[in-house]
Amino acid sequence: MILNILIIGGHGHIGKSITRILSSKYAITSPRRSELDWCDSKNVWEFIKNREYDVLINLSYGHTALSPIEDVEINKLITDNICLFSKKVKRIIHIGSFVEESGKNKFDLLAENRIISLSYKDAYEISKYYALRRISRLTNSKCIRIPCCYNSNCHIDKVIDKLIDGVDCLKILKNSNYLCIDIRDLARLLHLLIDTSLAMGITRISNAELISTKDIMEYIEYRRNNLVTQSEEIEKHKSEIILKDCNDKTLIKYKSDYTIRNYIDEKLKIAYSVSK
């Protein structure tokens, strides 16, 4: 039987890629905001009351051009409505981020009115922390904390493109040390979580093979030199992704074919018109 999946945020950068990949195996419903407004509890109820979903995947983040505090309030409302109607779906998979740790401190400061100025980055981190805190308490939820995704037309993809083109991105990356995972590996993790009855709770992806932005710059320079001289064959890397539950009770392992090194190599081959 084909499982029915409801995706929130399925038209964002990561959401579009995930929706496309998962739709080959599952019956996907990914409404736009004009069809389903998660800030409006009445609208949500009208949409889901006569429908049955096996899994809800939450990739949502609501951004406004009004102010960072408006972003926080809107995303808190989205999270509250997901929790309110959580029993209408059998399982919830919430895609979190590595920013929740810094978001917790800022959330506490905001609650105590100790933040004078709030940036959109602050709003994102606070909203992600709030969503993780609330949704992880649901009995039918599984929360995954992921690093940046590449291969999904996100910020990190654009940084890699600019670095390959020779643009100075040091200012962009000066205070950043992102870890990255391929969007297809995230989709494989979701396949794994959807198809198995894994324990609920919070899981963080941790892997020494995930690459940092500093490593990205060094690797691009190294591979650029190799590719320009065509003195070395493209090296293929295999890495093992490990999902580790916070309570250390569950380890999920599988082989990944999609490392960021392969991704950079493909981009460099196009940039320098070098074939294998």
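Summarised in this report is the structure supplied together with it.

### Remarks on the pattern of salt bridges
Side chains carrying opposite charge are able to pair once their charged atoms draw close together.
Link 1 in the chain: A full pass over the atoms with the stated rule returns 11 salt bridges.
Link 2 in the chain: Here E101 ties to R145 by a salt bridge, and the two come within 3.4 Å at their closest N and O atoms. Residue E101 is found in helix α4 (residues 100-111), and its partner R145 is found in strand β5 (residues 141-146); the two are separated by 44 residues along the sequence.
Link 3 in the chain: For R145, a relative accessible area of 8% puts it in the buried group.
Link 4 in the chain: A salt bridge links E125 to K121, with the nearest nitrogen and oxygen atoms 2.6 Å apart. Note that E125 and K121 are positioned in helix α5 (residues 120-135) at a spacing of 4 residues, about one turn of the helix.
Link 5 in the chain: Assessed through its relative accessible area of 4%, E125 is described here as buried.

### Remarks on the pairing of strand β4 (residues 89-97)
Link 1 in the chain: Counting buried residues along β4, 8 of its 9 residues qualify, which places the element largely inside the surrounding structure.
Link 2 in the chain: In terms of strand pairing, strand β3 (residues 53-58) meets β4 through 5 bridges, oriented parallel. Within the sheet, the bridge partner assigned to V55 lies in β4 and is R91.
Link 3 in the chain: For the segment spanning β3, helix α3 (residues 68-84) and β4, crossover handedness is right-handed.
Link 4 in the chain: Note that β4 and β5 share 6 bridges and pair parallel. Note on β5: the bridge partner recorded for G96 is R145.

Cut-offs and rules
Residues numbered from 1 in each chain as written. Predicted model: local features only at pLDDT ≥ 70, side-chain atom pairs only at ≥ 80, totals over all residues. Heavy atoms only, no water. Salt bridge = Lys/Arg side-chain N within 4 Å of Asp/Glu carboxyl O. Helix = DSSP H or I, 4+ residues; strand = E, 2+ residues; numbered from the N terminus. Buried < 20%, exposed > 50% of the residue type's maximum accessible area, 1.4 Å probe, protein only. Pairing = 2+ DSSP bridges. Right-handed = clockwise from strand over helix to strand, strands pointing away.

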